[in-house]
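# An overview of the molecular structure
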Amino acid sequence: MWAKDHGADTAEVEKLMVYVRRYYQTVMAQAEVEPRIAALKALYADLSPEDKALVEKRHMNEGTLSTEWAAQPFLRVSLLSDPTASWRAVRCPVLALNGSLDHQVPAEGNLAGIVAALKAGGNQKAESATLPSLNHLFQTAKTGDEEEYAALDETMAPLVLQRISAFVKAQR
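Residues numbered from 1 in each chain as written. Predicted model: local features only at pLDDT ≥ 70, side-chain atom pairs only at ≥ 80, totals over all residues. Heavy atoms only, no water.

Glancing now at the packing of helix 2 (residues 10–29) against helix 3 (residues 33–45). For the pair helix 2 and helix 3, interaxial distance at closest approach is 9 Å and the crossing angle is 160°. One way to sum up the angle between helix 2 and helix 3 is to call them roughly antiparallel. Crossing of helix 2 against helix 3: the hand is right-handed. Judged by residue contacts, Tyr19, Arg22, Tyr23, Thr26 and Val27 of helix 2 engage Arg36, Ala39, Leu40, Leu43 and Tyr44 from helix 3. Residues belonging to the contact of helix 2 with helix 3 are distributed by class as follows: seven nonpolar, one polar and two charged. (Axes fitted to C-alpha atoms, helices over the stretch in contact; angles between N-to-C directions. Helix = DSSP H or I, 4+ residues; strand = E, 2+ residues; numbered from the N terminus. Parallel < 35°, antiparallel > 145°, perpendicular 65-115°, else oblique. Left-handed = near helix turned anticlockwise from the far one by under 90°. Contact = heavy atoms within 4.5 Å. Nonpolar A, V, L, I, M, F, W, Y, C, P; charged D, E, K, R; others polar.)

What follows deals with the pattern of salt bridges. Considering all chains together, one arrives at three salt bridges under this definition. Put simply, Glu12 and Lys57 hold a salt bridge, and the shortest N to O gap is 4.0 Å. Within this pair, whereas Glu12 is found in helix 2, its partner Lys57 is found in helix 4 (residues 49–57), the two being separated by 45 residues in sequence. Note on Glu12: relative accessible area 16%, which makes it buried. Several salt bridges share partner residues, and in doing so they unite Glu12, Lys57 and Arg58 into one network. (Salt bridge = Lys/Arg side-chain N within 4 Å of Asp/Glu carboxyl O. Buried < 20%, exposed > 50% of the residue type's maximum accessible area, 1.4 Å probe, protein only.)

This model, assessed by the stated rule, comprises three aromatic pairs. Between Tyr19 and Tyr23, the aromatic rings sit 6.1 Å apart at their centres with planes inclined by 50°, giving tilted as the arrangement. Of this pair, Tyr19 and Tyr23 both sit in helix 2, four residues apart, which is roughly one turn of the helix. Per residue, the accessibility class of Tyr19 equals that of Tyr23, and both read buried. Judged by centre distance (5.6 Å) and plane angle (85°), the rings of Tyr23 and Tyr24 are edge-to-face. Judged on exposure class, the residue Tyr23 and its partner Tyr24 are both buried. Through pairs of rings, three or more aromatic residues link up here, namely Tyr19, Tyr23 and Tyr24. (Phe/Tyr/Trp six-rings, centres within 6.5 Å; stacked < 30°, edge-to-face > 60°.)

This brings us to the environment of Lys41. Structurally, Lys41 is set in helix 3. The exposure class of Lys41 is exposed, given its relative accessible area of 52%. Here the alpha-carbon distance between Lys41 and Leu101, two residues 60 residues apart in the chain, equals 33 Å.

Geometric descriptors of this kind do not, in isolation, establish any biological role.
See below:
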């Protein structure tokens, strides 16, 4: 989680998660953009001064937690989607990869969920792997923190391309 990666302690993370859950519930509940943004602004306005300061300190009002993103249809659609059902419907071979330093999509639960859904849907050509020392963008990283992305010279680790190439060749 972003806040934990940026120094939030357990108590702060618990407080922030209450806000984050309410934020996303509001996005899902409001189909129209204007009422959605108004409801999100009201949610923020109702926070105590201490909680507002915590949200700002830990940058929990950026990215998908910003009103700019909340106004975009894709955020609500993503939150309302059922990825498990979508994965169950995939019939082609799948190679699911995650970096071990991915802070946005934790490898363990993500890969297990994808493979379980594929197999539940009858897909027998599913492989997964957690690639060591790689971040969300599949760059060789030290921390995996999003702020590290731009500082890395590597676009994509050769290991990823090798793994993909080997998987594709094995499908022949």
